[in-house]
Number of protein chains: 2
Amino acid sequence: MTTRQSKAEAEAEPAATLIWARPEPPARRAPQPQPQPLSRALIVGAALELADADGLEGVSIRRVAAVLEVGPMRLYGYVDTKDELLDLMADAVYAEITPPAPTADHPTQDWQAGLRLIAGLTRRAALRHEWFPELLGGRPHLGPHALAALEARLSVLNSAPGLAGRPAALRRAAAAFHAYLVGALRTELAQRQADRTEGRSEEQWRDAVSPYLRQVLEAGRHPLLAEVIGKAEHPTPGEEFEAGLEIVLNGIAAQVS
Amino acid sequence: MTTRQSKAEAEAEPAATLIWARPEPPARRAPQPQPQPLSRALIVGAALELADADGLEGVSIRRVAAVLEVGPMRLYGYVDTKDELLDLMADAVYAEITPPAPTADHPTQDWQAGLRLIAGLTRRAALRHEWFPELLGGRPHLGPHALAALEARLSVLNSAPGLAGRPAALRRAAAAFHAYLVGALRTELAQRQADRTEGRSEEQWRDAVSPYLRQVLEAGRHPLLAEVIGKAEHPTPGEEFEAGLEIVLNGIAAQVS
DNA sequence: GTGGCGGTCGATACAGTGTATCGAGCGATA
DNA sequence: TATCGCTCGATACACTGTATCGACCGCCAC
């Protein structure tokens, strides 16, 4: 996909390269039996369906088109590139993340509680759409919902006493928080997917990964790793995620005061 | 690659599925003009070369084989799958990251200084191999150098007074630190790559991204984002990385005491 | 020395990918 | 009614990862 340079690079269209700046083509002027109504929303809907079922690898232009009962090239009227389709998919997930308006029955909360809420929403979205973290640190997310989520992060942090009105510090705190989310979720979900495919849930893992690790650890060159794997109680991924989150929150708090 | 199920899944080889547990095939028993000597080291060397030049997308089995002047299928004697080749590449980068033995002229340092050193080494490696962060949060890294780097992280953290001998806390701190690295580097490098290709370094960015952002910001629905982008001084990526790192270090420190 | 065997190499093949090109067919306009 | 212009999708191209399998060649037994 990114292998070949996109049409956009070849012919210098005056502007409007970003999909967010390009209006959607009009609804079709209804030819005969209306070959099949189409829209960006329908396209990303089908793509989400495929991705949720088979992972990102299950999303191909041809397959999305097949779900919509449409010729593959039809999609290129709504999207310049498969990467743009992935951008749309990411933004659709961001739409699920934007926290409820801060004015509702949840009154404006403590900034730490606010960040915990955002982190929790993000993680739940990632669990619903396991492919989302794969996109998370990828090409910059500039879609409307991604920007809204970014604004929400900033807004929560802006309510911290030491950060209000200090844009540079605010930016740094938001970036660190987000970096943690990206890294933690990507790692957790990759692990989960590896567990599910590399071993049929357990069996092959016991047969391949586990003996290898045991052998490495018994060689004695990784004493701390052995201790951490062997002695420590194994927390659930959720607990681990929240523990790391507390570390980040504490770090921001230290910055604040 | 992951699209098709690998041979490993089809026929249940007794064990040894992990590449780290499979010995390298012997050096070839020298036929005639030695068609071309080969080894995993040579293969990942060629792959690194391609990836450094053209990014991960530039690495294909056929191209690696071409660099080595060898038939493509030859590589499958050393590697079961392209994903395994990527695992080897990631481990090769980890080899550049493992910090110098803590006993040398650098005496055992403060744990914070130790983590800063590891973070700096990791970031420098990522700048040398811009594709590395793309692999960073991916499938679990179990190669020898990855494990050594993990042990090094644990070792540094183990020298923090509050963490020594508390495997669970140690594990959490190491995980949070690593999650930050993954997220921050992935985001930074993705941004950098987008800047370089989406606009020819500047031009198209001014023509496409910048006007779009300006328009969004002027709509007034993202006041804090506008403030952060507009008013804040723009730090270098390196400064931003280090600022976030300090936040994480402070958070760990708060956990420790 | 010679015959056979076993293992290795790589040509070929297959199913799939993203996307450029372009002919056909249709709606709206003149 | 004739024409223009636009949209759709069939076809094509270059490329991907990898399974299959025939040919070849060095080694070993005789």
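Keep in mind it's a predicted model, so treat the numbers as computed, not measured. (Residues numbered from 1 in each chain as written. Chains lettered and ligands numbered in written order. Predicted model: local features only at pLDDT ≥ 70, side-chain atom pairs only at ≥ 80, totals over all residues. Heavy atoms only, no water.)

A few points about the overall build of chain A
For chain A, the count of helices and strands is 11 helices and 0 strands. Each helix and strand of chain A, ordered N terminal to C terminal, gives the series α-α-α-α-α-α-α-α-α-α-α. Split into buried and exposed, the 257 residues of chain A put 47% on the buried side. Carbon and sulfur atoms form 54% of the exposed surface of chain A, whose accessible area is close to 12,900 Å². (Helix = DSSP H or I, 4+ residues; strand = E, 2+ residues; numbered from the N terminus. Buried < 20%, exposed > 50% of the residue type's maximum accessible area, 1.4 Å probe, protein only. Areas by Shrake-Rupley, 256 points an atom, 1.4 Å probe, with all protein chains shown as cover.)

Structural notes on the nonpolar core
Among the nonpolar cores identified, the biggest contains 150 residues, and A:Val64, A:Met89, A:Ile252, B:Val64, B:Met89 and B:Ile252 are the most heavily contacted of them. Residues contacting B:Val64, with those up to four places away along its chain left out, are B:Ile43, B:Ala46, B:Ala47, B:Leu50, B:Val59, B:Leu75 and B:Leu85. (Core = buried A, V, L, I, M, F, W, Y, C linked by side-chain atoms within 4.5 Å. Contact = heavy atoms within 4.5 Å.)

Here we look at the interface of chain A and chain B
In this assembly, 77 residues from chain A lie in contact with 77 residues from chain B. Regarding the contact of chain A and chain B, the summed buried area is about 6,200 Å², with carbon and sulfur atoms giving 65% of it. On the chain A side of the contact with chain B, A:Arg171, A:Tyr212 and A:Ile247 bury the most area, a combined 12% of that side's loss. Our count for the contact surface shared by chain A and chain B stands at 2 salt bridges. (Buried area = accessible area lost by both parts, 1.4 Å probe. Salt bridge = Lys/Arg side-chain N within 4 Å of Asp/Glu carboxyl O.)

Some points on the packing of helix H4 (residues 82-97) of chain A against helix H5 (residues 111-128) of chain A
Residue and element names in this part refer to chain A. Here H4 crosses H5 at 135 degrees, and the two axes come no closer than 9 Å. With respect to their mutual orientation, H4 and H5 come out oblique. As H4 packs across H5, the resulting crossing turns out to be right-handed. When H4 is examined against H5, the residues Val93, Glu96 and Ile97 are found in contact with a partner set consisting of Leu121, Thr122, Ala125 and Arg128. Here the contact of H4 with H5 is composed, by residue class, of 4 nonpolar, 1 polar and 2 charged. (Axes fitted to C-alpha atoms, helices over the stretch in contact; angles between N-to-C directions. Parallel < 35°, antiparallel > 145°, perpendicular 65-115°, else oblique. Left-handed = near helix turned anticlockwise from the far one by under 90°. Nonpolar A, V, L, I, M, F, W, Y, C, P; charged D, E, K, R; others polar.)

Comments concerning the confidence of the model for chain A
Residue and element names in this part refer to chain A. Looking at chain A, pLDDT values average 86 and 84% of them are 70 or higher. Long-range and interchain partners of residues 1-15, a stretch whose pLDDT sits below 50, account for 9 contacts in this model, where long-range means more than four residues apart. A low-confidence stretch, residues 29-34 (pLDDT under 50), is modelled with 2 contacts involving residues beyond four sequence positions or located in other chains. (pLDDT = per-residue confidence, 0-100.)

Comments concerning unusual backbone geometry
Residues and elements named next belong to chain A. Of note in this structure, Glu69 is not a glycine but carries a positive phi near 55 degrees. Residue placement: Glu69 occurs in the loop between helix H3 (61-67) and H4. Glu69 sits in the exposed class, given a relative accessible area of 62%.

What about the side chain of B:Arg123?
Residue and element names in this part refer to chain B. Mapped onto the elements of the fold, Arg123 is located in helix H5 (residues 111-128). For Arg123, a relative accessible area of 17% corresponds to the buried category. The contact partners of Arg123, leaving out residues within four places of it in the chain, are Leu185, Glu188, Pro237, Gly238 and Phe241.

Focus on the relation of the copies chain A and chain B
The transformation that overlays chain A on chain B combines an axial shift of 0.0 Å with a rotation of 180 degrees, and the residual RMSD is 0.0 Å. What we have between these two chains is a two-fold relation. With an isologous cut-off of 70% or more, the 100% of interface residues of chain A that recur at the interface of chain B puts this contact in the isologous class. (Least-squares fit on C-alpha atoms with pLDDT ≥ 70 in both.)

Quick look at empty space enclosed by the protein
It is the rolling of a water-molecule-sized probe over the atoms that shows where space remains empty. Residue and element names in this part refer to chain B. Enumeration over the complete set of coordinates arrives at 3 cavities of 30 Å³ or more. Tyr94, Ile97, Pro99, Ile118, Thr122, Phe132, Leu136, Ala149, Ala152, Arg153, His178 and Leu181 are the residues that line the largest cavity. Elements that contribute at least two residues to the lining of the largest cavity include exactly helix H4 (82-97), H5, helix H6 (132-136), helix H7 (144-158) and helix H8 (167-198). Looking at the lining of the largest cavity, the element that brings in the most residues is H7, giving 3 residues. The class makeup of the residues in the lining of the largest cavity is 9 nonpolar, 2 polar and 1 charged. (1 Å grid on protein atoms, 1.4 Å probe; cavity = no way out; pocket = protein on both sides within 12 Å on 5 of 7 lines; lining within 4 Å. Points joined across faces, edges and corners; volume = space filled by probe spheres on them.)

Observations regarding the packing of helix H8 (residues 167-197) of chain A against helix H11 (residues 237-256) of chain B
In a packed pair of helices, the relevant descriptors are the angle between the two axes and the axis-to-axis distance. Orientation of H8(A) relative to H11(B), taken along the N-to-C sense of each, is 75 degrees, at an axis distance of 9 Å. Here H11(B) runs roughly perpendicular to H8(A), going by the angle between their axes. When H8(A) is examined against H11(B), the residues A:Arg171, A:Arg172, A:Ala173, A:Ala175 and A:Ala176 are found in contact with a partner set consisting of B:Glu240, B:Ala243, B:Gly244 and B:Ile247. Each residue belonging to the contact of H8(A) with H11(B) can be placed in one class, and the counts come to 5 nonpolar, 1 polar and 3 charged.

Some thoughts on the environment of A:Asp80
Residues and elements named next belong to chain A. By secondary structure assignment, the location of Asp80 is in the loop between H3 and H4. Using a relative accessible area of 31% as the deciding quantity, one classes Asp80 as partly exposed. Note: C-alpha distance between Asp80 and Leu18 (62 residues apart in sequence) is 9.5 Å.

Examining the environment of B:Pro133
Among the structural elements, B:Pro133 can be located in helix H6. Residues B:Pro133 and B:Ala184, spaced 51 residues apart in sequence, show a C-alpha to C-alpha distance of 9.1 Å. The residues touching B:Pro133, leaving out its near neighbours within four places in the chain, are A:Arg186, B:Ala126, B:Leu185, B:Arg186 and B:Leu189.

Some details on the pattern of salt bridges
All names here are of chain B. Under the counting rule described, the total for this entry stands at 18 salt bridges over all chains. Residue Glu246 pairs with Arg116 through a salt bridge whose shortest N-O separation is 2.7 Å. Linking Glu246 in helix H11 with Arg116 in helix H5, this pair joins segments that are 130 residues apart in sequence.

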